[in-house]
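# Commentary on secondary and tertiary structure
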Amino acid sequence: EKLQDFYSLDHPWVIQAQAEMGSNAPLIDEGFIVPTQVSYVGKGGRIYENGDVITGSASVVARFLRNGYLWDNVRVIGGAYGGMCTLGQGSGFFGFVSY
């Protein structure tokens, strides 16, 4: 069976998340100004529901992002001190941080 092409079609999770976010958490620009020499910026959200089986491939992707892509693009090319991401195996939460 051929896998769906999610580059041209929205994943069913995306459709549901966009509908829920539009009604429950409308986008609002928000920021915090603090007197530090290093700034942190992050974003995250739940990509799996409680009870969903999180496969090992999701952990492999998170590790690749953390040790490969984010390091090369955010740290080396972008000049940040660092960047990281995390996948909560129990919660299904996936988050990115750059500092």
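Small disclaimer: the values here were computed from a predicted structure and weren't measured.

## A short note on the overall build of the protein
- The helix and strand inventory of the protein stands at two helices and three strands.
- Listing the helices and strands of the protein from first to last along the sequence gives α-β-α-β-β.
- A compact globule built from 99 residues would reach a C-alpha radius of gyration of about 13 Å, whereas the protein, at 16 Å, exceeds it by more than 25%.
- Its C-alpha atoms give the protein principal-axis dimensions of about 50 × 35 × 30 Å.
- Put simply, of all contacts in the protein between residues at least 6 apart along the chain, 55% involve residues at least 24 apart.
- Roughly 8400 Å² of accessible area belongs to the protein as shown, and the carbon and sulfur atoms make up 59% of that amount.
- Separation of charge centres in the protein, based on 6 positive and 9 negative side chains, amounts to 11 Å.

## Considerations on the pattern of salt bridges
- Summed over the entire model, instances satisfying the criterion amount to one salt bridge.
- One salt bridge connects Arg-46 with Glu-49, and the closest N-O pair in it is separated by 3.8 Å.

## Some details on the confidence of the model for the protein
- For the protein, the average pLDDT comes to 84, and 98% of its residues sit at 70 or higher.
- Confidence, read as mean pLDDT per element, is least for helix α1 (residues 12–24) in the protein (82) and greatest for strand β3 (residues 93–98) (91).

## Side note on the sheet that holds β3
- In spatial order, the strands read β1-β3-β2; together these three strands make up an open sheet with antiparallel pairing. Either end of the sheet is taken by a strand with one partner, and the two such strands are β1 (41–46) and β2 (83–87). Direction aside, neighbouring strands of the sheet carry axes that sit 5 degrees apart on average.
- By the bridge criterion, five bridges tie β2 to β3 in an arrangement that is antiparallel.

## Observations concerning the packing of aromatic side chains
- A full pass over the atoms with the stated rule returns three aromatic pairs.
- Seen from their ring centres, Trp-13 and Tyr-48 are 5.6 Å apart, and the 75 degrees between their planes marks the pair as edge-to-face. Residue Trp-13 is found in helix α1, and its partner Tyr-48 is found in the loop between β1 and α2 (56–77); the two are separated by 35 residues along the sequence.
- Relative to Phe-96, the ring of Phe-94 has its centre 4.9 Å away and its plane inclined at 80 degrees; by these criteria the two rings are edge-to-face.

## A look at α2
- Taking 1.5 Å as the rise per residue, α2 with 22 residues should run 32 Å; its terminal C-alpha atoms sit 29 Å apart, in good agreement.
- A maximum bend of about 50 degrees is found in α2 at Leu-70.
- Residues of α2 that are buried include every one of Ala-58, Ala-62, Leu-65, Gly-68 and Leu-70, and no others.
- Looking at the packing, one finds that the buried side of α2 touches β2 and β3.

Conventions we followed
Residues numbered from 1 in each chain as written. Predicted model: local features only at pLDDT ≥ 70, side-chain atom pairs only at ≥ 80, totals over all residues. Heavy atoms only, no water. Helix = DSSP H or I, 4+ residues; strand = E, 2+ residues; numbered from the N terminus. Rg over C-alpha atoms; globule rule 2.2 N^0.38 Å. Contact = heavy atoms within 4.5 Å. Areas by Shrake-Rupley, 256 points an atom, 1.4 Å probe, with all protein chains shown as cover. Lys, Arg positive; Asp, Glu negative; His and termini not counted. Charge placed at Lys NZ, Arg CZ, Asp CG, Glu CD. Salt bridge = Lys/Arg side-chain N within 4 Å of Asp/Glu carboxyl O. pLDDT = per-residue confidence, 0-100. Pairing = 2+ DSSP bridges. Axes fitted to C-alpha atoms, helices over the stretch in contact; angles between N-to-C directions. Phe/Tyr/Trp six-rings, centres within 6.5 Å; stacked < 30°, edge-to-face > 60°. Expected span 1.5 Å × (residues − 1). Bend = angle between axes of the 7 residues up to and from the residue. Buried < 20%, exposed > 50% of the residue type's maximum accessible area, 1.4 Å probe, protein only.

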